[in-house]
Amino acid sequence: MNQFSKTLLITGGAGFIGSHVVRLFVTKYPEYKIVNLDKLTYAGNLENLRDIENAPNYKFIKGDIVDADFIQDLFAVYQFDGVIHLAAESHVDRSISNPIEFVMTNVVGTVNLLNAAKHNWKDNKEKRFYHISTDEVYGTLGNEGLFTENTPYDPHSPYSASKASSDHFVRAYHDTFGINTVISNCSNNYGPNHFPEKLIPLAINNILNKKPIPIYGKGENVRDWLYVIDHARAIDVVFHNGKSGETYNIGGHNEWKNIDLIRLLCKIMDKKLNRAEGESEKLITFVTDRAGHDLRYAIDASKIEKELGWKPSVTFEKGLEQTVDWYLNNKEWLQNVTSGNYQKYYEQQYHNR
Ligand code: NAD
Ligand code: TYD
């Protein structure tokens, strides 16, 4: 007999946000079996989950959500009670240079998972498909206003277009086939395990190595930053208490112009690294702007706060300091992810099991 009350599939669990979600679910819900499915692209690292890899309620499976037969087989074997879908290509700059990968994983991969859920769950409304998405589907704001759940979709980058498309497919499977779905659209995350191609970890890595910090355009673009562990807490709440067919915006009430954020980060790092005040700021280098660069993102998170009682718990000052500390204490991780060494780690640890 199955000793677990639920078996959940978490996709993309070896990535940045997924690793925090997997850890939260494995430790908070020992009665659930958590299956982490991840292709281990450049962005996925099992090192992110080393502390829980031997937990009795955890299983890692290497696989590609684009492979429809594999996904159907996986659902047949595990009879999942729920899916929390985070697997994605997630970097805007990469989507500009290689959009097709984003269509494959973010759109086709999501539809493969929806098809497997439809096929295996039939009319079972207890089983839930939770799709993790981004505020970038709403396009860009001017200097005023906030994205609400009713803001019309207006994606500009191939990344946000692919996420918008997958959101529409999730809603279509709810409306057409009656699948119990929820979607959340979150603002920019930061924290441990973030691959050093996104602004904050890239800047930390470059400051550490005294390399130029590239700032696109004039650095006037605004992002609303949320500590990744607060996002994982929100995902827990939405998965368990969100209403089927609904969307929830998640955000940090924490808007920063890129240039102001990087100046703050430079100050923090000068102190931590015992460098003279102002030394790291000299690394700031203004470079050609990103094509189609959205000016401002900012989230109205009042729905999730009112209906589900979630709000951010970590202040930006504390979260940023914890993040810097984590990178300074995990220089080997930084070194390995930038050199691709975790692929080798995976081969050694998992292929022989
Ligand atoms: P990430 O790039 O760090 O991780 C993505 C994970 O998905 C990796 O482990 C990768 O190996 C895996 N993956 C990629 N393609 C796959 C495939 N074809 N099959 C199976 N696994 C595959 O991304 P992240 O920043 O953790 O984002 C996770 C999710 O949250 C994404 O859906 C993203 O759109 C969304 N999101 C991210 C942010 C953010 O600020 N990072 C904000 C809002 C929403
Ligand atoms: P990023 O971390 O790529 O997240 P997103 O594009 O999904 O918001 O970028 C955050 C902001 O920082 C965005 O306005 C682009 C800018 N940026 C830079 O100025 N320099 C960089 O090297 C990177 C990666 C981003």
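Being a predicted model, the structure only gives us computed values, none of them experimental. The residue numbering used here restarts from 1 in each chain and proceeds along that chain's sequence as written. The naming scheme follows written order: chains are lettered A onward, ligands numbered 1 onward. The predicted nature of this model means local features are confined to residues of pLDDT at least 70 and side-chain atom pairs, given and counted, to a pLDDT of 80 or more, with totals for whole chains, interfaces and linings taken over all residues. To obtain the side-chain values, all non-hydrogen atoms of the structure were used and water was disregarded.

**Q** So what's going on with the pattern of salt bridges? Which residues, and what values?
**A** Here, a salt bridge means any side-chain nitrogen of Lys or Arg that lies within 4 Å of a carboxyl oxygen of Asp or Glu. Applying the stated criterion to the full structure yields 15 salt bridges. Of the charged contacts, one joins Glu47 and Arg50 as a salt bridge, the two residues approaching to 3.0 Å between their closest N and O atoms. Only protein chains enter the accessibility calculation, which uses a 1.4 Å probe; a residue whose area is less than 20% of its type maximum is buried, one above 50% is exposed, and one in between is partly exposed. Note on Glu47: relative accessible area 23%, which makes it partly exposed. Among the ionic pairs, Lys257 bridges to Glu220, the shortest N-O distance being 3.3 Å. Here Lys257, found in strand β11 (residues 255–257), pairs with Glu220, found in the loop between β8 (213–216) and β9 (222–227); they are 37 residues apart in sequence, far enough to count as distant. Here Lys257 falls in the partly exposed class, since its relative accessible area comes to 33%. Through salt bridges with shared partners, a single ionic network connects Lys272, Glu321 and Asp325. What counts as a helix is a DSSP run of H or I of at least four residues, what counts as a strand is a run of E of at least two, and both are numbered from the N terminus.

**Q** Let's hear about empty space enclosed by the protein: which residues, and what values?
**A** Here a cavity denotes a set of grid points, spaced 1 Å apart and computed over the protein atoms alone, in which a 1.4 Å probe fits but from which it cannot get out, and a pocket denotes an open set meeting protein on both sides within 12 Å along at least five of seven lines; residues with an atom within 4 Å of a point are reported as lining. Grid points are joined across faces, edges and corners, and a volume is the space filled by probe spheres set on the points. Within the structure shown, the criterion is met by one cavity of 30 Å³ or more. Its boundaries defined by the atoms lining it, the largest cavity holds a volume of some 60 Å³. Lining the largest cavity are Ala117, Lys118, Trp121, Lys122, Asp123, Asn124, Lys125, Lys127, Gly178, Ile179 and Asn180. Among the elements that make up the lining of the largest cavity, the one with the highest residue count is helix α4 (residues 99–121) (three residues). Along the lines of polarity and charge, the residues of the lining of the largest cavity split into three nonpolar, three polar and five charged. For this classification, the nonpolar set comprises Ala, Val, Leu, Ile, Met, Phe, Trp, Tyr, Cys and Pro, the charged set comprises Asp, Glu, Lys and Arg, and every other residue, Gly included, is treated as polar.

**Q** Go over the site of ligand 2, please, and point to the residues and values.
**A** Proximity is defined per residue: any heavy atom of the residue falling within 4 Å of a molecule or strand makes that residue near it. In the vicinity of ligand 2 lie 17 residues, with Glu136, Pro214, Arg223, Arg290 and His293 positioned nearest. Whenever two N or O atoms come within 3.5 Å, that pair is a polar contact, provided that in protein one can donate a hydrogen and the other can accept it, and provided that, for residues adjacent in sequence, both atoms are side-chain atoms. Contact between ligand 2 and Leu199: an oxygen atom at 2.8 Å from a main-chain N or O atom of the residue. At a separation of 2.9 Å, an oxygen atom of ligand 2 approaches a polar side-chain atom of Asn258. Accessible surface area values rest on a Shrake-Rupley calculation with a 1.4 Å probe, where residue burial reflects the displayed protein chains alone. Look at ligand 2: alone it shows 510 Å² of surface, and the protein chains cover 97% of it. Sorting the residues of the shell around ligand 2 by element identifies α6 (199–208) and β8 as the ones contributing at least two each. In terms of residue count, the dominant contributor to the shell around ligand 2 is β8 (three residues). Broken down by class, the residue content of the shell around ligand 2 amounts to seven nonpolar, five polar and five charged.

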